[in-house]
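# Topology and contacts: notes
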Amino acid sequence: TSMQGIVAWLREHPDEGRAIMRENKSFVFFKELTGAGPLGAMGYPVAGWTSVAADPKFIPLGAPLFLSMDRTDATGLWVAQDTGG
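Below is a summary of the structure that appears in this document. Everything numeric in this text was worked out from a predicted model, so none of it was measured.

If charged atoms from side chains of opposite charge come close, those side chains can pair. Going through the model one piece at a time under the given rule, you end up with two salt bridges. Here aspartate 15 ties to arginine 18 by a salt bridge, and the two come within 2.7 Å at their closest N and O atoms. Of the two residues, aspartate 15 and arginine 18 both sit in helix α2 (residues 14-23), three residues apart, roughly one turn of that helix. Measuring nitrogen to oxygen at the nearest pair gives 2.9 Å for the salt bridge that ties arginine 71 to aspartate 73. Overall, arginine 71 belongs to the partly exposed group, its relative accessible area being 45%. With a relative accessible area of 36%, aspartate 73 lands in the partly exposed category.

In structure tokens:
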């Protein structure tokens, strides 16, 4: 399935689409920041090419992580400062 396919189905079936959308009770809230940001789960501003989101069940927040990947832009030392969505 693809995003385009899902959107097309939702448009073709508006009643069923609304019922499905009501099943997901996820909400994302934003607030305007006047200082540095965005803030990660630790309450500190996340930094590009430094901060990474991790699952705190496995990686404690604030822990340094070395990632070795097939992408050079992601390989290196990172800090677990957020938990992601």
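Okay, the nonpolar core next. Most often, soluble globular proteins keep nonpolar side chains buried together rather than apart. The biggest cluster of nonpolar side chains holds five residues, and these are Val52, Ala54, Leu65, Trp78 and Ala80. If we ignore the near neighbours within four places in the chain, the residues touching leucine 65 are Val52, Ile59, Gly76, Leu77, Trp78 and Ala80.

Now for the environment of alanine 53. Within the element layout of this structure, alanine 53 appears in strand β1 (residues 51-53). Note: C-alpha distance between alanine 53 and tryptophan 78 (25 residues apart in sequence) is 9.6 Å. The contact partners of alanine 53, leaving out residues within four places of it in the chain, are Asp82, Thr83 and Gly84.

Cut-offs used in this document
- Residues numbered from 1 in each chain as written.
- Predicted model: local features only at pLDDT ≥ 70, side-chain atom pairs only at ≥ 80, totals over all residues.
- Heavy atoms only, no water.
- Salt bridge = Lys/Arg side-chain N within 4 Å of Asp/Glu carboxyl O.
- Helix = DSSP H or I, 4+ residues; strand = E, 2+ residues; numbered from the N terminus.
- Buried < 20%, exposed > 50% of the residue type's maximum accessible area, 1.4 Å probe, protein only.
- Core = buried A, V, L, I, M, F, W, Y, C linked by side-chain atoms within 4.5 Å.
- Contact = heavy atoms within 4.5 Å.

All we've got here are geometric facts, nothing functional implied.
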